[in-house]
Structures are given as structure tokens and as C-alpha cells.
Amino acid sequence: MQYRVEPGTRVDLSRWDPDDVAGTDREAAREEKKQLSRRLRELQELLYAEHRHRLLVVLQAMDTGGKDGTIRKVFDRTNPQGVKVASFKRPTERELAHDYLWRVHPHVPGDGEIGIFNRSHYEDVLVVRVHDLVPKTRWQRRYDHIVAFEKLLADEGTTIVKFYLHISKDEQKRRLQARLDRPDKHWKFSIGDLKERALWDDYMAAYEAALSNTSTDWAPWFIIPANHKWYRNLVISRILVDTLEGLGMQYPPAEEGLDEVVIP
Ligand code: ATP
Ligand code: MG
């Protein structure tokens, strides 16, 4: 599939164009996105009704990369009852007193659910690596743990798709400036984000390692060109619809004798 990181390949992010729209016409994209949203709604209802599959969507990106906007726009028509979002912020003391997957596992989706991770266990090989929050010997082993953890989830019936929203450093500058220029967006602006921005190259190296080491057949990464929000939403919607259609889901059989029922 387009934008998929083939397992075992090494990712060089400078070769992935964050501005790519693959020649797509924006008006046509609007219509296609609307259709995809409707289809996603039907497929989610089917997932919920069948109660057999679980879908885990992992979202990772640099600050302003568009994780929140993706959740809002891609899942705009889905039923909130069947979609659970878990946001992973800086770990609490209690979380830090455990292994890094301890806080993650309780949030994986159950039968019939779509679980969305807004940031994820990948922070433990991204921000943790960039800031040396644990020694290299420790974070280096985590790629293998993560691959094994996702294999466990997949073996037990979870379909996993992971999206890295790829924006350029210039685009991040524009988005940060836009937040600064609008008082109603100041709540989203954190001066701390500028410190992370200064470490852009280190983050890119950490993302390249994560994408290269953990894209598997059971939990593939997709590198989504994300400078253009409309294209980002379109591509992610397409991948989700394809993935759910691939599950061959069926509505559960109706109770016997429904055709004879007369509502009194
Ligand atoms: P976001 O930045 O995801 O849009 P936000 O701005 O509302 O959300 P923040 O307070 O910035 O929330 O929380 C996210 C921060 O938590 C990020 O800087 C992220 O790197 C950090 N974080 C997440 N998981 C970990 C982790 N395991 N260890 C250290 N820091 C983490
Ligand atoms: Mg933030």
C-alpha cells in the first residue's frame, strides 16, 4: 500500500516528501473524503456489531504535526461509543515506577472497538532517546519489546495500523506562528515546544530508527505526508477503510424467526 514502510527497510525521512499530494485535486479529494467518512462509519458499526475484531490506530508526530486534527476529521462521523482515544502525556511518578508498557496495555481496544493512541509507547524510544531519559542500553532493547508486544496484540485479534504524520520543519514554524498570532490558540502554545523544535534533527533520527525497526506485517507503519491537512486526512481515511474492508466482517446472524415477529 502507498506510504507503507516495508518491514526490514531503512527509512530516510529526507526522501519522504511532506508536501506530497500525489497530483490529487483538492475538490475531488473533498468529495472522496466525504464518501470515505460515510464508509468508515458503516465499517465501524459493523465492527461494533460483529464484536470480533479490534482495531488499534497509533498516531505519532512532532508538535503541531496534526494528531488532534486527524482524530477530529478522520473520525468525524463515527459513533463515539465505539471509538476510544487514549492520549499519552509525560508519565506520572507511578507510571515511571513501572515498565513503560504498563500504562499502555490497559488502553488497547477490546472486541468491536477502535482504539486510537494519541502518542503512544513509541514516546519511549523517541523523546526518551532524544533526552537520554534512560540509558541507551535500556532504550535500545525497547524496539524488540515493542515488536513483541504488538505481535501479542495481533495474535490475540487486534489489527494494528501506525501513522507517522510527516511535516517539515518549515511547516511546523508556520503552525507555531499561527498559534502565536491567535489568542484563542494560545492554550495550545507551549514555550517548551520550542526546545523540542531545536532538537528537530535528533527527533528525525529517532523517528527513522523507530520506523525502520518496528514496521512489521502485523503492525505496519505508514509515513503520511502531512503538510497539507486535507491530503493527510484523505490518505489516512483510505488506509483505514481498506484495512477494515480487508477484515471480511459480517453482521452477526439474526435470531431465529424474526420474519414471523409482529410487534404487539
Ligand atoms: P500533544 O503535544 O501530544 O499535542 P499536549 O501539548 O496537549 O499534547 P503535552 O503536555 O505537550 O500535551 O504532552 C505531551 C508531551 O508528553 C510530549 O512532549 C511528549 O513527548 C511527552 N511524553 C509522552 N510520553 C512520554 C514518555 N513516555 N516519556 C517522556 N515524555 C513523554
Ligand atoms: Mg504538546
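Quick note: structure is the one above.
Residues numbered from 1 in each chain as written. Chains lettered and ligands numbered in written order. Predicted model: local features only at pLDDT ≥ 70, side-chain atom pairs only at ≥ 80, totals over all residues. Heavy atoms only, no water.

Asker: Explain the overall build of the protein chain here, please?
Answerer: A tally of helices and strands in the protein chain yields ten helices and five strands. Computed over C-alpha atoms, the radius of gyration of the protein chain comes to 20 Å, within 12% of the 18 Å expected from 2.2 N^0.38 for 264 residues, which places it in the range of a compact globule. When the backbone C-alpha atoms are referred to their principal axes, the protein chain occupies close to 70 × 45 × 40 Å. Counting only residues that meet the buried cut, the protein chain has 48% of its 264 residues in that class. (Helix = DSSP H or I, 4+ residues; strand = E, 2+ residues; numbered from the N terminus. Rg over C-alpha atoms; globule rule 2.2 N^0.38 Å. Buried < 20%, exposed > 50% of the residue type's maximum accessible area, 1.4 Å probe, protein only.)

Asker: What is the right way to read the nonpolar core from this model?
Answerer: Inside soluble globular proteins, nonpolar side chains tend to come together where they are buried. Within the largest apolar cluster, 73 residues are counted, with the highest numbers of intra-cluster contacts made by Phe163 and Leu240. Considering each element in turn, this core owes the most residues, nine residues, to helix α10 (residues 229-245). In contact with leucine 240, not counting residues within four places along its chain, are Leu40, Leu55, Val57, Val74, Phe75, Val161 and Phe163. (Core = buried A, V, L, I, M, F, W, Y, C linked by side-chain atoms within 4.5 Å. Contact = heavy atoms within 4.5 Å.)

Asker: Would you mind showing me how to read the sheet that holds strand β5 (residues 221-225) here?
Answerer: Backbone hydrogen bonds are what pair the strands of a sheet, in a parallel or an antiparallel way. Spatial strand order, β2-β3-β1-β4-β5: five strands in an open sheet with parallel pairing. Both edges of this open sheet fall to β2 (83-87) and β5, since each of them pairs with a single strand only. Geometrically, the sheet is characterised by an average inter-axis angle of 20 degrees between neighbouring strands, direction not taken into account. In this sheet, strand β4 (residues 158-166) lies alongside strand β1 (residues 54-61) in parallel orientation, the contact comprising eight bridges. Among the inter-strand pairings, glutamine 60 is bridged to a residue of β4, identified as tyrosine 164. Across the sheet, helix α6 (residues 142-155) touches β1 and β4, and the angle it forms with β4 is around 135 degrees. (Pairing = 2+ DSSP bridges. Axes fitted to C-alpha atoms, helices over the stretch in contact; angles between N-to-C directions.)

Asker: Could you clarify how one ought to interpret the site of ligand 1 in this entry?
Answerer: Around ligand 1, a shell composed of 14 residues is seen, among which Lys67, Lys89, Arg103, Arg119 and Glu123 lie nearest. Take arginine 119: an N or O atom from its side chain is 2.6 Å from an oxygen atom of ligand 1. Glutamate 123 places a side-chain nitrogen or oxygen 2.9 Å from an oxygen atom of ligand 1. Classifying every residue of the shell around ligand 1 by side-chain character gives five nonpolar, no polar and nine charged. (Near = heavy atom within 4 Å. Polar contact = N/O pair within 3.5 Å; in protein donor to acceptor, adjacent residues only side chain to side chain. Nonpolar A, V, L, I, M, F, W, Y, C, P; charged D, E, K, R; others polar.)

Asker: Whenever I open this one, the side chain of aspartate 124 confuses me. Can you help?
Answerer: Looking at the element boundaries, aspartate 124 is found in the loop between β3 (114-118) and α4 (127-130). In contact with aspartate 124, not counting residues within four places along its chain, are Tyr100, Trp139 and Arg142.

Asker: Help me out: how do you make sense of a nonpolar patch on the surface in this one?
Answerer: On the surface, a nonpolar cluster with roughly 330 Å² of combined accessible area is contributed by Leu258, Val261 and Ile263. You can see leucine 258 is positioned in the segment after α10. (Patch = residues over 30% accessible without salt bridge, like charges linked within 9 Å, V, L, I, M, F, W, Y side chains within 5 Å. Areas by Shrake-Rupley, 256 points an atom, 1.4 Å probe, with all protein chains shown as cover. Salt bridge = Lys/Arg side-chain N within 4 Å of Asp/Glu carboxyl O.)

Asker: Where do I start with the packing of aromatic side chains in this structure?
Answerer: For any pair of aromatic rings, the description consists of the separation of the ring centres together with the inter-plane angle of the planes. Counted by the stated rule, this structure contains six aromatic pairs. Seen in terms of ring centroids, tyrosine 3 and tyrosine 231 are 6.3 Å apart; in terms of plane orientation they differ by 85 degrees. Their pairing is edge-to-face. A residue pair is termed long-range when its members are at least 10 positions apart, and tyrosine 3 in the segment before α1 (26-50) and tyrosine 231 in helix α10 qualify at 228 residues. By the burial criterion, tyrosine 3 is buried, and tyrosine 231 matches it. (Phe/Tyr/Trp six-rings, centres within 6.5 Å; stacked < 30°, edge-to-face > 60°.)

Asker: Just checking my understanding: could you explain α1 for this structure?
Answerer: Turn by turn, an α-helix covers 3.6 residues, leaving residues three or four places apart pointing in a common direction. Over its 25 residues, α1 extends 35 Å from the first C-alpha to the last, a length consistent with the 36 Å expected when each residue adds 1.5 Å. Looking at the buried side of α1, the elements it contacts are α2 (67-74), β2, β3 and α10. The N-cap residue of α1 is aspartate 25: its side-chain oxygen and the backbone nitrogen of glutamate 27 are 3.2 Å apart. With its phi angle positive at about 60 degrees, histidine 51 sits one or two positions after the end of α1. (Expected span 1.5 Å × (residues − 1).)

Asker: Is there a simple way to think about the side chain of histidine 53 in this case?
Answerer: Secondary-structure assignment places histidine 53 in the loop between α1 and β1. Look past the residues within four positions of histidine 53 in its chain and what remains in contact with it is Leu47, Gly110, Asp111, Gly112, Glu113, Gly157, Leu247 and Met249.

Asker: Any chance you could explain the pattern of salt bridges here in plain terms?
Answerer: Pairing of side chains with opposite charge becomes possible as their charged atoms draw close. All chains considered together, the criterion is met by 20 salt bridges. A salt bridge links aspartate 217 to arginine 4, with the nearest nitrogen and oxygen atoms 3.3 Å apart. Of this pair, aspartate 217 sits in the loop between α9 (200-214) and β5 while arginine 4 sits in the segment before α1, and the two are 213 residues apart along the sequence. Overlapping salt bridges bring together Arg4, Glu6 and Asp217 as one network.

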